[in-house]
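# Residue-level structure breakdown
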Amino acid sequence: MNKGILADASMLRGEPPLEYLRKANKLEAQGRDIVRFEIGQPDFDTPENIKDAAIKALKNGFTHYVPTDGIPELKEAIRDDIENTRGFRPDDNQILVLPGAKPGLYFSMLALVNQGDEIIYPDPGFFTYESQVGYAGCRKNPLPLYEDNQFGIDPEDINERINEKTKMMILNSPQNPTGGVLREKDIRAIAEMAQENDIYVLSDEIYSKMLYDGLEHHSPAYIDGCKERTIIVDGFSKAYAMTGWRLGYMIAPAEVIKEIELLVADALSCTNSFSQWGAVEALKNGETFVDMIMTEFDQRRKLVVEGLNKIPGMSCIYPTGAFYAFPNIKETGMKSKELADHLLDEAGVCLLPGSSFGCQGEGHLRISYACSQAEIKKGLARIQTAMEKLVQRS
Ligand SMILES: Cc1ncc(COP(=O)(O)O)c(C=O)c1O
């Protein structure tokens, strides 16, 4: 098969996260009890009021094409939310509703970066970035994040990586897979650098409502000067437990939205009509739900981190956002894939090797604590037993 641009898509070569998901499904089908720590989606059901809003729209015949950029009611609700959470009110022509955050990331690359140009993205980072950079025919420039720096970004590290080919950098805060959160002062320094070097900032803020310890979300888009080159990508999947609804949006300068809207019109026509009414309800009346799940996630976070730090060979810093822990396993001397395979086969715990998220993720595992506290306790107990046996053997 002539793969064309697909030839460069790294995820076609191995696709480790899916490999674990499939293997865990297979083991469950064979009757094994598997603790699922690999899935990056909240285990909560979408709130009833959100479902009801979409059902009502569907029943009322809201079943036709809608404007490519989104229904006016949702765009207005997004404007209000951005004003509350990012400190500026985007114009109506700066918003594009999309079927998820992922298309916002990919379409931004397609519209704004030429083939052969370079994109900087975090390593470890959401594996989709590397794939999409490959699909878009762009050069990969992974930016290492360090545990010593709580997986934040040192602006100097970005500075060192910028060259004449660099046209875009991807930021992600709170971050998948580490749960790290960027500091405001670092975002300011990065924003300045983006301006000086005429680089787009693609800011993946899908976990913006998922912060702990009273932290506030900061976006490069609220910094004057950077606003003109920042694309915010956010959505409903995580904070409102709506992964299957496929709903997201982007906020960008009007001329960028205009370009990407053409792409969306040709590729998708529009985003699902009636589900957009669910999103309106989420933004207007979803705050109590977000608070509720964040209280629960916070308890799980503490359970996971305290549990991991008692296990031989593992240590874990506290994530400050999202719902992922990224324990360090370097003391075991094992590769992360080797240990993840061992824990799935021997202990019935499915989690992801840190190496799935980039070279810099080696020496770590990713645990998604989007499952009940009972499952978390069971999974940790199984990991502890398996690790004690490994230590005894060595
Ligand atoms: C960092 C990050 N961005 C984007 C997405 C995808 O979001 P959506 O479901 O809205 O496409 C995910 C999902 O795991 C993610 O972790």
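What you see is a predicted model; the values in this text were computed from it and never measured.

Considered domain by domain, the protein chain is made up of domain 1 (4–45 + 288–388) and domain 2 (64–285). The C-alpha centroid of domain 2 is placed 25 Å from the C-alpha centroid of domain 1. At the interface, 39 residues of domain 1 touch 39 residues of domain 2. Both faces considered, domain 1 and domain 2 share a buried interface measuring about 3200 Å² in area, 60% of it formed by carbon and sulfur atoms. Among the residues domain 1 hides against domain 2, the three largest losses belong to Thr320, Phe357 and Gln360. Together they make up 19% of the total. Taken together, the links from domain 1 to domain 2 amount to one salt bridge. A salt bridge links Arg301 to Asp213; the nearest nitrogen and oxygen atoms lie 2.8 Å apart. Where domain 1 meets domain 2, there are 15 residue pairs in polar contact (both at pLDDT 80 or more). Of all the secondary structure elements, the ones that give two or more residues to the side of domain 1 that touches domain 2 are helix 10 (287–308) and strand 9 (324–325). The greatest single-element share of the side of domain 1 that touches domain 2, amounting to seven residues, is contributed by helix 10. When the residues that make up the side of domain 1 that touches domain 2 are grouped by side-chain class, the tally is 23 nonpolar, 11 polar and five charged.

For Asp186, the position within the fold is in helix 7 (residues 184–196). On the accessibility criterion, Asp186 (7% relative accessible area) is buried. For Asp186, the residues in contact, after removing those within four places along its chain, are Ile153 and Pro155.

Taken together, 13 residues form the shell around the ligand, and within it Ala101, Asp204, Tyr207, Ser237 and Lys238 come nearest. Asn176 places a side-chain nitrogen or oxygen 2.8 Å from an oxygen atom of the ligand. A distance of 2.7 Å separates an oxygen atom of the ligand from a polar atom in the side chain of Lys238. A total of 400 Å² of accessible area belongs to the ligand in isolation, and the protein chains cover 93% of it. When atoms are counted within 2 Å of each cavity's grid points, the one that captures over half of the ligand is the largest pocket.

Another aspect to go through is the sheet that holds strand 4 (residues 139–144). Within the open sheet, the seven strands sit side by side as 2-8-7-6-5-3-4. Their pairing is mixed. Of all the strands in the sheet, just strand 2 (95–98) and strand 4 have a single pairing partner and so form its edges. For this sheet, the mean angle separating the axes of adjacent strands, direction not counted, is 20°. Pairing analysis gives four bridges linking strand 6 (residues 200–204) to strand 7 (residues 230–235), with the strands arranged parallel. If you follow Asp204 over to strand 7, its bridge partner there is Val233. Running at roughly 25° to strand 2, helix 8 (residues 254–267) makes contact with strand 2, strand 6, strand 7 and strand 8 (248–251) of the sheet.

Take the pattern of salt bridges next. Enumeration according to the criterion identifies 31 salt bridges in this entry. One salt bridge connects Arg79 with Glu76, and the closest N-O pair in it is separated by 3.3 Å. Linking Arg79 with Glu76, this pair stays in helix 3 (residues 72–86), spanning three residues, or about one helical turn. Take Arg79: its relative accessible area is 16%, and that puts it in the buried class.

What counts, and at which threshold
Residues numbered from 1 in each chain as written. Predicted model: local features only at pLDDT ≥ 70, side-chain atom pairs only at ≥ 80, totals over all residues. Heavy atoms only, no water. Domains from an automatic or database assignment. Contact = heavy atoms within 4.5 Å. Buried area = accessible area lost by both parts, 1.4 Å probe. Salt bridge = Lys/Arg side-chain N within 4 Å of Asp/Glu carboxyl O. Polar contact = N/O pair within 3.5 Å; in protein donor to acceptor, adjacent residues only side chain to side chain. Helix = DSSP H or I, 4+ residues; strand = E, 2+ residues; numbered from the N terminus. Nonpolar A, V, L, I, M, F, W, Y, C, P; charged D, E, K, R; others polar. Buried < 20%, exposed > 50% of the residue type's maximum accessible area, 1.4 Å probe, protein only. Near = heavy atom within 4 Å. Areas by Shrake-Rupley, 256 points an atom, 1.4 Å probe, with all protein chains shown as cover. 1 Å grid on protein atoms, 1.4 Å probe; cavity = no way out; pocket = protein on both sides within 12 Å on 5 of 7 lines; lining within 4 Å. Sits in = over half its atoms within 2 Å of the grid points. Pairing = 2+ DSSP bridges. Axes fitted to C-alpha atoms, helices over the stretch in contact; angles between N-to-C directions.

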